[in-house]
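Remarks on the overall topology
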Amino acid sequence: MSRSPVLCRHALALAATVGWLATSTGHAAEAAATPSVAEQTVDTLEKLAGGPHAGFRANHAKGVLAKGSFVASADARTLSKAAHFQGTAVPVIVRFSNTTGVPNLPDAHPNASPHGIAIRFQLPGGTSTDIVSISYDGFPAATPEDFLGLLNAIAASGPDAKKPTPVESFLGSHPAAKAFATAPKPAPVSYATLPFFGVNAFKFTNAAGASVYTRYRIVPVAGDQRLSDADSAKAAPNYLADELAARLAKGPVSYAIWVQIANSGDDVNDPTKVWDNQHREVALGTVTLDALLPDGAKAEKTLFFNPLLLVDGIAPSADPILLARPGAYGVSVGRRVGK
Ligand code: HEM
């Protein structure tokens with residue numbers, strides 16, 4: 001894919017965010033001397049992945065792209081006036097991925113999970129908006145500084161580290177990180193059988209001006225199906241992309257997109273606090289994928305997703321993790337595009 005004007009606009013938006021991060025102290029020299037939390041995070045992600053790996057994402061490095069469309073439900077517009085929720089079908093590009101910055105990580109490796117999904121809705125007029133989610137309901141850290149602390153603790157916990165290792169100490173004092181690290185995350189049968197979770201909250205506003213806080217849930221129409229441990233051990237390194245190609249050759253793959261609606265009293269700004277099943281859920285519509293994206297391996301180098309690429313009717317919450325994401329992604333994009 002050549003770099004379209006839409007992608008260039010996204011690059012500028014990300015660059016602007018990163019610039020803001022680097023200079024927000026108002027001391028350019030100090031910012032130059034002390035790398036921002038975003039830069040330190042990308043440095044540590046690269047280190048953990050044995051990188052940097054030129055041209056690859058610092059996290060979610062291994063992925064596969066597909067294309068299709070999204071059709072909104074009648075209920076979607078009652079929650080948000082966003083263009084893609086008004087009922088007209090819009091094209092989508094979807095990238096599925098393994099966690100970590102290791103470009104050749106075997107798909108059934110425990111570190112590949114949680115997997116990622118990034119959905120780009122291509123709106124009329126050349127604009128677009130993204131959803132970027134993972135296959136785990138929750139996040140190990142409530143702030144970008146804590147997330148960096150966790151990554152640094154992992155990096156300092158090699159085979160020679162003294163007990164308790166830095167990561168053991170971190171998990172001991174951070175229950176959400178411990179829950180994230182220890183939750184079973186069995187490898188999926190297919191990307192078509194894996195549910196994904198938005199984790200961060202967004203504020204939806206409808207045409208009448210009424211607002212609710214929401215979290216996405218992306219539910220595979222084929223159901224949640226996982227490999228047994230024995231089948232995981234035998235899985236081919238690239239089985240997820242290969243299986244998706246074979247499945248799409250036989251027919252479309254669909255996901256229902258839902259949102260949970262925040263209850264009064266929920267902390268909408270803390271992604272470590274999972275919203276339980278005592279929350280109202282509304283179906284927003286269906287994503288249907290019909291093929292892998294032609295030339296996807298090349299396209300994914302220059303394509304980048306941004307959870308804060310939003311449209312009127314969807315606004316970010318004040319979740320510090322959500323607000324930090326474009327800065328870190330921008331650092332990664334800046335290092336990988338053109339490599
Ligand atoms: C402070 C917290 C976070 C940091 C520092 C971080 C960092 C990163 C980085 C550096 C990338 C590579 C971006 C690129 O080169 O295009 C990335 C990609 C990704 N992140 Fe995060 N992330 C954070 C939180 C999250 C959360 C909360 C989710 C999901 C709920 C998430 C899901 C993803 C996914 C799915 C991708 C791959 C996107 C693609 O396919 O291009 N991340 N992240």
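Up top you'll find the structure we're talking about.
Summary of the structure given here. (Residues numbered from 1 in each chain as written. Predicted model: local features only at pLDDT ≥ 70, side-chain atom pairs only at ≥ 80, totals over all residues.)

Some details on the site of the ligand
Let me state the cut-off plainly: Any residue whose C-beta atom, as placed from the backbone, lies within 6 Å of a molecule or strand is termed near it. Numbering of helices and strands runs from the N terminus, with a helix taken as a DSSP run of H or I at least four residues long and a strand as a DSSP run of E at least two residues long. In this count, Pro and Cys sit with the nonpolar residues alongside Ala, Val, Leu, Ile, Met, Phe, Trp and Tyr, while Asp, Glu, Lys and Arg are called charged and the others, Gly among them, polar.
The immediate surroundings of the ligand are formed by 31 residues, with H60, G116, V199, A328 and S332 found nearest. Contributing elements (two or more residues each) for the shell around the ligand: α3 (37–48), β2 (90–97), β3 (116–122), β4 (128–134), α5 (144–155) and α11 (320–336). Residue classes in the shell around the ligand are distributed as 18 nonpolar, nine polar and four charged.

Comments concerning the environment of R77
The criterion, for reference: Exposed residues have 12 or fewer other C-beta atoms within 10 Å of their own C-beta, buried residues have 20 or more, and partly exposed residues fall in between, where C-beta atoms are placed from the backbone. By definition, residues are in contact whenever their C-beta atoms, placed on the basis of the backbone, come within 7 Å of each other.
Its location among the elements puts R77 in helix α4 (residues 76–79). The class for R77 is partly exposed, based on 17 C-beta atoms found within 10 Å. Residues R77 and D146, spaced 69 residues apart in sequence, show a C-alpha to C-alpha distance of 36 Å. In this view, R77 contacts A72, F85, Q86, G87 and N206; residues no more than four positions away in its chain are not counted.

So, the packing of α3 against α5
Rule in force here: To get an axis, fit a line to the C-alpha atoms, keeping to the stretch in contact for a helix; angles then go from 0 to 180 degrees between the N-to-C directions. Between 65 and 115 degrees an angle is taken as roughly perpendicular, under 35 as roughly parallel, over 145 as roughly antiparallel, and anywhere else as oblique. Each crossing is labelled by how the near helix is turned from the far one, with a counterclockwise turn of less than a right angle marking it left-handed and a clockwise turn marking it right-handed.
Between α3 and α5, the least distance of the axes is 10 Å, while the angle of their chain directions is 30°. In terms of orientation, α3 and α5 fall into the roughly parallel class. Crossing angle aside, the handedness with which α3 passes α5 is left-handed. When α3 is examined against α5, the residues V37, Q40, T41, T44, L45, K47 and L48 are found in contact with a partner set consisting of P144, E145, F147, L148, L151, N152, I154 and A155. For the contact of α3 with α5, the residue count by class is nine nonpolar, four polar and two charged.

Some remarks on α11
Keep this limit in mind: Take the number of residues in a helix, subtract one, and multiply by 1.5 Å to get its expected span.
Over its 17 residues, α11 runs 25 Å from end to end, which matches the ideal 24 Å to within 8%, given 1.5 Å per residue. Backbone geometry just downstream of α11 places G338 in the positive-phi region, at approximately 90°.

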